[in-house]
Amino acid sequence: MALRHYTLDISLSTAVDTASTVPGLLAIFHEQEMTETVHDTDGHGYLATFVGKNGRFAILRLHSHGLVTVDLQCFEEDNIAQLDNLLNALEKKLKILLKGNITRIKRLPALVRGAKVDRYWPTADGRLMEYDIDRVVYEEDSAYQNIKILHSKQFGNILVLNGDVNLAESDSAYTQAIMGGGKENYAGKEVLILGGGDGGILAEVVKQKPKMITMLEISLTVIDGCKAHMRVTCGSVLDSLEGDCYQILVEDCVPVLKKYVQEGRTFDYVINDLTAVPISTEPEEDSTWEFLRLILDLSIKVLHPDGKYFTQGNSVNLTEALSLYEEQLEKLSCPVGFSKEVVCVPSYLELWVFYTVWKK
């Protein structure tokens with residue numbers, strides 16, 4: 001059973017007078033048949049909790065530094081109109097009691113906690129976003145990750161891996177950016193895709209009639225889920241693991257890359273869709289950074305001298321992590337140059353950085 005959590009914040013220019021303010025507020029809670037318990041704050045303002053019918057619970061706090069906060073919790077099946085009336089009455093009463101002292105009133109939409117369908121996901125830099133997700137389309141656990149496909153009214157179906165939003169059907173901007181921003185001609189070229197189990201990159205490169213695409217995706221479960229539920233993104237390319245100009249190898253890319261290095265095989269384009277630049281800024285202690293360096297080095301070794309390597313970075317706000325990634329580019333087995341592009345990916349709700357790398 002889901003819980004709705006409402007908040008009301010009143011910022012003041014001076015500290016509130018508890019004796020003249022609290023009685024008027026208590027009367028409003030009493031009208032809703034809520035019973036209070038006053039708590040000792042050791043001189044840090046006023047704190048009371050309230051319990052009412054249907055499991056309603058509220059917290060009223062008058063902070064000593066000039067802030068009044070109200071938290072109200074109820075079950076999702078409760079009478080929402082009554083709760084709105086309670087918050088409206090509290091806001092109205094506070095405006096009367098604190099007139100001339102209020103600098104800001106902030107009331108947020110209810111946070112729904114414990115719902116069957118999770119609608120809250122953090123951005124890369126830790127800000128909370130609420131999506132308009134209304135149902136779970138697909139969910140499976142593979143040997144490597146939890147795989148969800150969720151439906152959004154705005155973005156269509158969204159692939160979520162281990163709690164990270166990966167790609168939505170609306171996100172053609174991501175696919176175009178990681179392919180070089182529409183500036184490349186893949187016709188007649190040898191292309192290597194690392195990851196890409198949603199099929200978006202493969203579907204777009206196939207349209208340009210390359211000589212051959214080799215896609216290395218470790219999880220058949222991701223492919224199967226996207227084949228069934230992300231067809232706006234992948235079209236029909238995932239229906240078969242082989243096509244006229246592509247092959248999908250369901251394997252760990254690391255040993256395959258090492259084999260290609262030993263064989264001296266090269267590609268005109270390597271597109272790394274495995275993972276974003278790690279948020280951690282401790283590259284010597286984070287195994288994801290170690291994996292990233294390994295993939296980078298192997299990818300550059302299989303890149304044709306005139307080829308290009310494309311990958312995602314991370315949120316444009318993660319400047320330190322992005323700078324550390326660029327430092328890693330200076331430590332590869334051969335010197336490289338790079339450029340970057342900032343793109344708005346709709347379902348990410350934040351600007352995203354993409355890199356192009358080439359041998360010098």
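A quick note: this is a predicted structure, and the numbers were derived from the prediction, not measured.

Caption draft 1: Structural detail: the overall build of the protein chain. Along its length, the protein chain carries nine helices and 20 strands. For a compact globule of 360 residues, the expected C-alpha radius of gyration is about 21 Å, and the protein chain comes in at 27 Å, more than 25% above that figure. Out of the 360 residues belonging to the protein chain, those deemed buried represent 49%. In the protein chain, the share of contacts with a sequence separation of at least 24, taken over all contacts with a separation of at least 6, comes to 60%. Here the protein chain has roughly 17100 Å² of accessible surface; of this, 49% comes from carbon and sulfur atoms. A gap of 5 Å separates the mean positions of the 35 positive and 51 negative side-chain charges of the protein chain.

Caption draft 2: Looking closely at a nonpolar patch on the surface. Residues Leu220, Leu241 and Val250 make up a contiguous nonpolar surface patch of roughly 200 Å² in combined accessible area. Mapping Leu241 onto the fold places it in the loop between α6 (231–234) and β15 (242–243). On the basis of relative accessible area, Leu241 is assigned to the partly exposed category, the value being 35%.

Caption draft 3: Fine view of the UniProt feature "active site" (unreviewed entry) in the protein chain. Here the UniProt-annotated "active site" (unreviewed entry) positions come out as Asp273. For Asp273, the position within the fold is in strand β17 (residues 267–273). Residue classification places Asp273 among the buried residues on the basis of a relative accessible area of 12%. Once you skip the residues sitting within four places of it in the chain, Asp273 turns out to touch Tyr174, Ile178, Leu194, Gly195, Gly196, Asp198, Ile201 and Gln312. Engagement of the side chain of Asp273 in a polar contact is seen with the side chain of Tyr174, the distance being 2.4 Å.

Caption draft 4: Representation of the sheet that holds strand β2 (residues 35–39) in the model. Read across the sheet, six strands follow the order β2-β3-β4-β5-β1-β6 without closing on themselves; strand pairing throughout is antiparallel. Either end of the sheet is taken by a strand with one partner, and the two such strands are β2 and β6 (102–113). Taking each pair of neighbouring strands and ignoring which way they run, the sheet shows an average axis angle of 15 degrees. As judged from the nine bridges shared by strand β1 (residues 3–12) and strand β5 (residues 67–75), these two strands associate in the antiparallel manner. Bridge pairing links Ile10 to Val68 in β5. Helix-sheet contacts for helix α1 (residues 18–31) involve β2, β3 (46–51) and β4 (57–63), and the interaxial angle to β4 is about 170 degrees. This element, helix α2 (residues 80–97), spans β1, β5 and β6 of the sheet and lies at about 10 degrees to β1.

Rules used in this analysis
Residues numbered from 1 in each chain as written. Predicted model: local features only at pLDDT ≥ 70, side-chain atom pairs only at ≥ 80, totals over all residues. Heavy atoms only, no water. Helix = DSSP H or I, 4+ residues; strand = E, 2+ residues; numbered from the N terminus. Rg over C-alpha atoms; globule rule 2.2 N^0.38 Å. Buried < 20%, exposed > 50% of the residue type's maximum accessible area, 1.4 Å probe, protein only. Contact = heavy atoms within 4.5 Å. Areas by Shrake-Rupley, 256 points an atom, 1.4 Å probe, with all protein chains shown as cover. Lys, Arg positive; Asp, Glu negative; His and termini not counted. Charge placed at Lys NZ, Arg CZ, Asp CG, Glu CD. Patch = residues over 30% accessible without salt bridge, like charges linked within 9 Å, V, L, I, M, F, W, Y side chains within 5 Å. Salt bridge = Lys/Arg side-chain N within 4 Å of Asp/Glu carboxyl O. UniProt positions renumbered as here; feature names shortened; annotations may be inferred. Polar contact = N/O pair within 3.5 Å; in protein donor to acceptor, adjacent residues only side chain to side chain. Pairing = 2+ DSSP bridges. Axes fitted to C-alpha atoms, helices over the stretch in contact; angles between N-to-C directions.

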